Amino acid sequence: MKKLIAQRPILFMGQWYQRGDIIPGGDTKMVEAWLRSGSIREETEPAPEIKIPKKRESGKKAGNDV
């Protein structure tokens, strides 16, 4: 997912966004205009890490530690 980060103060839908604030991206025409003017930058969030459980070694059963 992409975040839109303000690079300068922006007044949008009656709300002031300061440098570093996340801007809502619902209005594609405004997003395109902000990108062209350098008023915002896109930042891609890293994908969440998926943890895969480790497989048990074959031949060993849980609880039989001898």
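This text goes with the structure placed above it.
Here the residue numbers are simple positions, counted from 1 along each chain's written sequence. It should be noted that, the model being predicted, local features are given only for residues of pLDDT at least 70 and side-chain atom pairs only at 80 or more, the latter also being counted only at that level, while totals for whole chains, interfaces and linings use all residues. Note that water and hydrogens are dropped before the side-chain values are worked out from all heavy atoms of the structure.

Caption draft 1: Focus on the overall build of the protein chain. Numbering goes from the N terminus for both helices and strands, where a helix is a DSSP run of H or I of at least four residues and a strand is a run of E of at least two. Tallying secondary structure elements over the protein chain gives one helix and four strands in all. From first element to last, N terminus to C terminus, the protein chain shows the α and β order β-β-β-α-β. Residue pairs at least 24 apart in sequence account for 45% of intrachain contacts in the protein chain once pairs closer than 6 positions are excluded. Per-residue and other accessible areas were derived by the Shrake-Rupley procedure at a 1.4 Å probe size, with only the shown protein chains allowed to occlude residues. Put simply, the protein chain shows about 6000 Å² of open surface, and 53% of that area lies on carbon and sulfur atoms. Contacts are residue-level and defined by heavy atoms, with any inter-residue pair within 4.5 Å sufficient.

Caption draft 2: Expanded view of the packing of aromatic side chains. When two rings of Phe, Tyr or Trp (its six-membered ring) have centres within 6.5 Å they constitute a pair, described as stacked for plane angles under 30 degrees, edge-to-face for angles over 60, and tilted for the intermediate range. In this structure the tally under the stated criterion is one aromatic pair. Here Phe12 and Trp34 contribute two aromatic rings whose centre-to-centre distance is 5.0 Å and whose plane-to-plane angle is 85 degrees, an arrangement assigned as edge-to-face. In this pair, Phe12 sits in strand 2 (residues 10–12) while Trp34 sits in helix 1 (residues 28–37), placing the two residues 22 residues apart along the sequence. In this pair, the class of Phe12 matches that of Trp34, namely buried. For each residue, the accessible area found with a 1.4 Å probe, counting protein chains only, is set against the maximum for its type, and the residue is called buried under 20%, exposed over 50%, and partly exposed in between.

Caption draft 3: Geometry of the nonpolar core. The biggest cluster of nonpolar side chains holds nine residues, and these are Leu4, Ala6, Ile10, Phe12, Tyr17, Ile23, Val31, Trp34 and Ile40. Not counting chain neighbours up to four residues away, the residues in contact with Ile40 comprise Leu4, Ile5, Ala6, Gln7, Ile10, Ile23, Val31, Trp34 and Leu35. Grouping buried Ala, Val, Leu, Ile, Met, Phe, Trp, Tyr and Cys residues that are joined through side-chain atoms within 4.5 Å yields what is termed a nonpolar core.

Caption draft 4: How the structure looks around the pattern of salt bridges. Put simply, a salt bridge is a Lys or Arg side-chain nitrogen that is within 4 Å of an Asp or Glu carboxyl oxygen. Within this structure, the stated rule accounts for two salt bridges. Linking Glu42 and Lys2 is a salt bridge whose minimum nitrogen-to-oxygen distance equals 4.0 Å. Residue Glu42 is located in strand 4 (residues 40–44), and its partner Lys2 is located in strand 1 (residues 2–6); the two are separated by 40 residues in the primary sequence. Between Arg41 and Glu43 there is a salt bridge, with the nearest N and O atoms lying 2.8 Å from each other. Arg41 sits in the partly exposed class, given a relative accessible area of 35%. Taking the relative accessible area as the measure of exposure, Glu43 reaches 30% and is therefore partly exposed.

Caption draft 5: Examining the environment of Gly38 more closely. With respect to the helices, strands and loops of the structure, Gly38 is situated in the loop between helix 1 and strand 4. When neighbours within four sequence positions are excluded, Gly38 is seen to be in contact with Gln7 and Arg8.

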